[in-house]
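An overview of the molecular structure
Each chain is listed here by its residues.
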Amino acid sequence: MTSQLALFSLMVLLLMVSTNAGGIAIYWGQNGGEGTLAETCSTGNYDYVNLAFLSTFGNGQNPMINLAGHCDPYSNGCTSLSSDIKSCQAKGIKVMLTIGGAAGSYYLTSAADAKQVATYLWNNFLGGKSSTRPLGDAVLDGIDFDIEGGTTQHWDDLARYLSGYSSQGLFDYVWVQFYNNPPCQYSGGATNLEDAWKQWTSDIPATKIFLGLPAAPAAAGSGYIPVGDLTSQVLPAIKGSTKYGGVMLWSKYYDDQTGYSSSIKSHV
């Protein structure tokens, strides 16, 4: 009887621990030296991989993906990634396309323009059909918005048009950039970050909120959190939130340099 009770207690403890467990999201695609997509997923460190970026679209432009040194979209060279994407998904990893980025030519001129872009994304990367799918016949799990340029107009229209193709919410995951944003980032203490985290988790109607961080000091201008500080101070302060989803890292290349994801995975 005693052993049965001990086993039950252990099962309850495991259930409680897994309830608060989060995942790691990584950005891949902007450095040819970061390994292949299949290799990225084979590390076992990541639950989400964002393919960065579709950096040209909107205003009647011919949409163009930019995956740096990984493949040449102008010669349909990125269609070979289809098998890698399917390999990742077979491991239970969600693979998404990131639109926007820090550089590129993208903006939406109207709601009609947003609808046209949504249709393009659905047919060329998601569950629709097109003879010119840049990544081949693999069906991605979603679209990630990283809107850093252009205007602030009509992104809500784009999100709504995209959500019309799905039974999910408007945004399932929101990875908040807690770096290059001094008012809300960690700087020897977690107070500012905690306050910002509480605001995000209370105000944003997303299923899960992620703590976005640079995977190395060189990956951002500011906001890098040493592993020890992250695991002892920051994560314990935010993991109690029901909306806690895990940690987002920029990027696979920098993660390779530091081993950051391997160091934090068991704590996320």
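Above this text sits the structure in question.
Attention here is on the structure that accompanies the text. The structure displayed is predicted, hence computed values, not measured ones. (Residues numbered from 1 in each chain as written. Predicted model: local features only at pLDDT ≥ 70, side-chain atom pairs only at ≥ 80, totals over all residues. Heavy atoms only, no water.)

1. Concerning the nonpolar core
Grouped together as the largest cluster of nonpolar side chains are 62 residues, with contacts concentrated most on Leu-121, Leu-135, Leu-158 and Leu-211. Here this core takes six residues from helix H4 (residues 111-125), the largest share from any one element. Those residues in contact with Leu-211, other than ones at most four positions away along the chain, are Val-176, Phe-178, Leu-193, Trp-197, Leu-230, Val-234, Leu-235, Ile-238, Gly-246, Val-247 and Met-248. (Core = buried A, V, L, I, M, F, W, Y, C linked by side-chain atoms within 4.5 Å. Buried < 20%, exposed > 50% of the residue type's maximum accessible area, 1.4 Å probe, protein only. Helix = DSSP H or I, 4+ residues; strand = E, 2+ residues; numbered from the N terminus. Contact = heavy atoms within 4.5 Å.)

2. Focus on the pairing of strand S8 (residues 208-214)
Within S8, six of the seven residues are buried, which leaves the element mostly enclosed by the surrounding structure. Inspection of the sheet shows strand S7 (residues 173-177) paired to S8 by five bridges, in the parallel sense. Directly across from Gln-177, in S8, lies its bridge partner Gly-212. Traced from S7 through helix H6 (residues 191-203) to S8, the parallel crossover comes out right-handed. As judged from the six bridges shared by S8 and strand S9 (residues 244-250), these two strands associate in the parallel manner. Bridge pairing in S9 places Leu-213 opposite Leu-249. After leaving S8, the chain enters helix H7 (residues 227-238) and then returns to the sheet as S9, a path that is right-handed. (Pairing = 2+ DSSP bridges. Right-handed = clockwise from strand over helix to strand, strands pointing away.)

3. Topic: the pattern of salt bridges
Within the structure shown, the criterion is met by four salt bridges. Two residues, Lys-86 and Asp-137, come together in a salt bridge whose shortest N-O distance is 2.9 Å. With a gap of 51 residues between them, Lys-86 in helix H3 (residues 82-90) and Asp-137 in the loop between H4 and strand S6 (142-147) connect regions that are remote in the sequence. Between Asp-156 and Arg-160 there is a salt bridge whose closest N-O contact spans 3.2 Å. Of the two residues, Asp-156 and Arg-160 are both situated in helix H5 (residues 155-163); the distance of four residues between them amounts to about one turn of the helix. Relative accessible area serves as the criterion here: at 42%, Asp-156 is assigned to the partly exposed category. What emerges from the salt-bridge pattern is a single network uniting Asp-156, Asp-157 and Arg-160. (Salt bridge = Lys/Arg side-chain N within 4 Å of Asp/Glu carboxyl O.)

4. Some details on the side chain of Asp-113
Inspection of the secondary structure assignment puts Asp-113 in helix H4. Put simply, Asp-113 is tucked away with no salt bridge, and the nearest opposite charge, on Lys-115, sits 13 Å away. Setting aside chain neighbours within four positions, we find Asp-113 in contact with Gly-58, Asn-59, Gly-60, Tyr-107 and Leu-108. (Lys, Arg positive; Asp, Glu negative; His and termini not counted.)

5. Quick word on the environment of Val-247
Turning to its location among the elements, Val-247 is positioned in strand S9. Separated by 101 residues in the primary sequence, Val-247 and Asp-146 place their C-alpha atoms 16 Å from one another. Leave out the neighbours within four places in its chain, and Val-247 touches Gly-23, Ile-24, Ala-25, Phe-210, Leu-211, Leu-213, Leu-235, Ile-264 and Val-268.

6. Points about the state of the cysteines
By the definition in use, this model includes two disulfides. At a sulfur-sulfur separation of 2.0 Å, the disulfide partner of Cys-41 is Cys-88. Between Cys-41 and Cys-88, the S-S torsion sits near 95 degrees, and that sign places the bridge as right-handed. In this pair, Cys-41 is assigned in helix H2 (residues 37-42) and Cys-88 in helix H3, connecting sequence segments 47 residues apart. (Disulfide = S-S within 2.5 Å.)

7. Notes on the layout of surface pockets
One number sums up the size of the largest pocket: a volume of about 1400 Å³. In this structure, the largest pocket is lined by 46 residues; those nearest its centre are Ile-143, Asp-144, Phe-145, Phe-171 and Tyr-173. At six residues, the largest contribution of residues to the lining of the largest pocket is made by S6. A breakdown of the residues in the lining of the largest pocket according to their chemical character gives 30 nonpolar, nine polar and seven charged. Space inside the second largest pocket adds up to approximately 240 Å³. Along its surface, the second largest pocket is lined by 16 residues, and Pro-63, Asn-76, Tyr-120, Thr-132 and Pro-134 are the ones closest to its centre. (1 Å grid on protein atoms, 1.4 Å probe; cavity = no way out; pocket = protein on both sides within 12 Å on 5 of 7 lines; lining within 4 Å. Points joined across faces, edges and corners; volume = space filled by probe spheres on them. Nonpolar A, V, L, I, M, F, W, Y, C, P; charged D, E, K, R; others polar.)

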